[in-house]
Amino acid sequence: MFGEGKGLEIEDPNYLYLGNVTANKNTGSGASNYSMFSVFGKINYSWDNKYLLSFTLRRDASSRLSTAHNYDWFPSVSAGWRISQENFMEATRSWLSDLKIRGAYGVNGNDIIANDAFYAKYAMDLDRAAYAIGGGNTLLPGALRSRSTNPDLTWEKTYQTNFGFDASLFNHKLALSFDYFHKKTDNMLVEKPYIATIGEGGYCWYNGGSMVNKGVEITAEWRQSINKDFSYSIGLNATVMKNEVTDLMDDIYYTWGGGNGIDKSIVGQSLGSWMGYKTDGIFRTQEEVDAYKAKYKVSFGNPAVGRVRYVDTNGDNEINDRDRTWLGTDLPKAQFGLNLGANWKGFDLSLFFNSIIRDAWNNSKYYTDFFPLWTGNHGIQLLEASNAYDRFLQIGYYDSDVPAPAVDNSNNENESSEYFIEDGSFIRLKTLSLGYTLPEKLRKTLRLQNARIYFQAQNLLTLTKYSGADPEGLGYPYALPRQYTFGIQFGF
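Residues numbered from 1 in each chain as written. Predicted model: local features only at pLDDT ≥ 70, side-chain atom pairs only at ≥ 80, totals over all residues. Heavy atoms only, no water.

Side note on the overall build of the protein chain
Part 1 of the reasoning: Of regular secondary structure, the protein chain possesses five helices and 27 strands.
Part 2 of the reasoning: Against the compact-globule benchmark of 23 Å for 492 residues, the protein chain has a radius of gyration of 32 Å, which places it well outside the compact range.
Part 3 of the reasoning: Across its three principal directions, the C-alpha atoms of the protein chain cover 90 × 75 × 65 Å.
Part 4 of the reasoning: Looking at the 492 residues of the protein chain, the share that counts as buried comes to 35%.
Part 5 of the reasoning: If you take every contact in the protein chain between residues at least 6 apart in sequence, the share linking residues at least 24 apart comes to 63%.
Part 6 of the reasoning: Of the roughly 29500 Å² of accessible surface on the protein chain, 54% is carried by carbon and sulfur atoms. (Helix = DSSP H or I, 4+ residues; strand = E, 2+ residues; numbered from the N terminus. Rg over C-alpha atoms; globule rule 2.2 N^0.38 Å. Buried < 20%, exposed > 50% of the residue type's maximum accessible area, 1.4 Å probe, protein only. Contact = heavy atoms within 4.5 Å. Areas by Shrake-Rupley, 256 points an atom, 1.4 Å probe, with all protein chains shown as cover.)

Below, the structure is given as structure tokens:
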């Protein structure tokens, strides 16, 4: 509950009541609740530490879903075989310390939607729901429907299968792990758009659509002590994954956001894929412009020297909105992490690198590279493009990769196109840490249990071709700052 207002009739602290305000009186309240009831059981079985089996069954019920379909059963089973313990592996034990093959299958449920998603909702609205019953100028308050209910709303389910192995070699110096996973999500919880003829209250939660994530995860680590003074470790992990939307509800199959509104759907593409126009650089000469206009009927854009060149993707010799197609996604194609560590006498050193391979949509180009698209500050590259256009007027060739400044947007360069897509891959030295632990004799003299001096740096180095603020956090983030820390740790 809340209340506010201005202009107290009496400002004495003994009369500070909301009822005593004379202007801007405003009160309101709201309420929400959410509950879940879960029961689960688990059985684990192990025989001779070689054959491992686990079975889990859970039943979940959620208040966010239909009262008739708010519960479901979610089973899972996993099995492992420590093959290195078998007698026929005797010959490998000199170098193979441990090897376990494993696999699992399970179902998970998701109900992460609004607490009141299932309910039909009505809102008091003086502008749109009041009515002068009986005529006259007196309006009586009323309510309008803001959301409809769905009596069939139920759990979103994810079916996951994975198999792999864990291995330890050379007296546990080398550790390896491999996983292949396949996750299919069905009955996804979505709040789809609705056609205007439904009228007020057409918003409603539905189960619809499916999606698949599949890929591999690999980890490898080597640890070795050379002598009592020196040891080191190298750890690498990698993930390669593909995401694909596999189904949508029929009435939104081709709609904007899920397609082009005509004949292309996001089904078969990755979630969050970009739709737009393919481009083929920038027009460099007037001859290129003339040849382009002679070849294509141009119903979209206005070809000119210094302007973005659009591609006829459907091969009908016309440049129009039917040439919009899928351009990719910024979901990672692969992710990597590298840990390096070393200890020598009292010194310790660790470094962590992370890397992502992906494409990136550089939103900032909309503001920096196109003069007519907005009225704020622009990038200095427009000065270089302006100089390039001056050179074109002299030599007949435009030599900049940034579109020439223009007073209007006749070439529709505000539309989504490949011009905004860059290589967003990077390698970053995320963390570097160097420390020194005082010798034991000195610690005893100082009556310290432990004492360490250290230096740490974060985001120290980034290698990337991406021209935006930061390749790790796309969109409009602040660039990650370099941070340096000096510290002393004492234990008594």
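Re the side chain of D60
Part 1 of the reasoning: One can find D60 in strand β4 (residues 51-62).
Part 2 of the reasoning: Within the structure, the side chain of D60 is placed 2.6 Å from the side chain of S38, a separation counted as a polar contact.
Part 3 of the reasoning: Leaving out residues up to four positions away in the same chain, D60 has contacts with F37, S38, N70, Y71, D72, F74 and W155. (Polar contact = N/O pair within 3.5 Å; in protein donor to acceptor, adjacent residues only side chain to side chain.)

Regarding unusual backbone geometry
Part 1 of the reasoning: For D48, which is not a glycine, the phi torsion comes out positive at approximately 60°.
Part 2 of the reasoning: You can call D48 exposed: its relative accessible area is 52%.
Part 3 of the reasoning: Of note, the phi angle at N459 is positive, near 55°, even though the residue is not glycine.
Part 4 of the reasoning: With respect to the secondary-structure elements, N459 resides in strand β26 (residues 450-464).
Part 5 of the reasoning: With a relative accessible area of 10%, N459 lands in the buried category.

Topic: the nonpolar core
Part 1 of the reasoning: In this structure, Y292, Y310, I319, W361 and Y398 are the most contacted members of the largest nonpolar core, which totals 25 residues.
Part 2 of the reasoning: If you list the elements that add at least two residues to this core, you get α2 (286-295), β18 (308-310) and α4 (381-395).
Part 3 of the reasoning: Sorting elements by how many residues they give to this core places α4 first, with three residues.
Part 4 of the reasoning: Contact partners of I319, with chain neighbours within four places excluded, come to Y292, Y296, K297, V298, S299, F300, Y310, V311 and D312.
Part 5 of the reasoning: Listed in part, the nine residues of the second largest apolar core include A117, W155, L189 and W205. (Core = buried A, V, L, I, M, F, W, Y, C linked by side-chain atoms within 4.5 Å.)

Concerning α4
Part 1 of the reasoning: In this model, α4 (15 residues) spans 21 Å end to end at C-alpha, consistent with the 21 Å of a helix rising 1.5 Å per residue.
Part 2 of the reasoning: Every buried residue of α4 is accounted for by L382, A385, A388 and F392. Buried residues of α4, seen end-on, are gathered within an arc of 110° and therefore sit on one face of the element. Exposed and oriented more than 90 degrees from the buried face of α4 are L383, E384, L393 and Q394.
Part 3 of the reasoning: Contacts made by the buried residues of α4 are with α2 and α3 (365-368).
Part 4 of the reasoning: G396 lies just past α4 and shows a positive phi near 80°. (Expected span 1.5 Å × (residues − 1). Arc of directions from axis to C-beta.)

Re the packing of aromatic side chains
Part 1 of the reasoning: Summed over all chains, the structure comprises 27 aromatic pairs.
Part 2 of the reasoning: On the basis of an interplanar angle of 75° and a centroid distance of 4.8 Å, the ring pair of Y367 and W374 is categorised as edge-to-face.
Part 3 of the reasoning: By relative accessible area, which is 28% here, Y367 ends up partly exposed.
Part 4 of the reasoning: Classification of W374 by relative accessible area gives partly exposed; the value is 35%.
Part 5 of the reasoning: An aromatic cluster is defined as three or more aromatic residues linked by ring pairs; in this entry it consists of W274, W361, F370, Y419 and F420.
Part 6 of the reasoning: Looking at R64, its charged tip hangs above the ring of Y34, at a distance of 3.6 Å from the centre.
Part 7 of the reasoning: Cation over ring: K365 sits above Y419, and NZ or CZ is 4.6 Å from the ring centre. (Phe/Tyr/Trp six-rings, centres within 6.5 Å; stacked < 30°, edge-to-face > 60°. Lys NZ or Arg CZ within 6 Å of the ring centre and 35° of its normal.)

Overview of the pairing of β26
Part 1 of the reasoning: Judged from the 11 bridges that link them, strand β25 (residues 426-437) and β26 form a sheet pairing that is antiparallel. Across the sheet, residue I427 finds its bridge partner in β26, namely L463.
Part 2 of the reasoning: In the sheet, β26 pairs with strand β27 (residues 483-491) via nine bridges, with the strands oriented antiparallel. Its bridge partner being in β27, Y454 is matched across the sheet by G487. (Pairing = 2+ DSSP bridges.)

What to know about the pattern of salt bridges
Part 1 of the reasoning: Applying the stated criterion across every chain yields a total of 29 salt bridges.
Part 2 of the reasoning: Residue E86 pairs with K50 through a salt bridge whose shortest N-O separation is 3.5 Å. Taken together, the residues span a long stretch of sequence, with E86 in the loop between β5 (71-81) and β6 (96-110) and K50 in the loop between β3 (36-47) and β4 at a distance of 36 residues. Taken as a pair, E86 and K50 share a single burial class, namely buried. (Salt bridge = Lys/Arg side-chain N within 4 Å of Asp/Glu carboxyl O.)

Thoughts on the side chain of S66
Part 1 of the reasoning: Note on placement: S66 falls in the loop between β4 and β5.
Part 2 of the reasoning: Separated by 2.6 Å, the side chain of S66 and the backbone oxygen of P151 make a polar contact.
Part 3 of the reasoning: Beyond its immediate stretch of four places on either side in the chain, S66 contacts F118, N150, P151, D152 and L153.

Overview of the environment of V402
Part 1 of the reasoning: Its place among the elements puts V402 in the loop between α4 and β24 (421-423).
Part 2 of the reasoning: Along the sequence, V402 and N317 sit 85 residues apart, while their C-alpha atoms lie 26 Å from each other.
Part 3 of the reasoning: Contact partners of V402, with chain neighbours within four places excluded, come to I282, D369, Q381, A385 and Y419.

Things to note about the environment of G142
Part 1 of the reasoning: Within the fold, G142 resides in the loop between α1 (126-129) and β8 (143-147).
Part 2 of the reasoning: Along the primary structure G142 and L126 are separated by 16 residues, whereas in three dimensions their C-alpha atoms are 6.9 Å apart.

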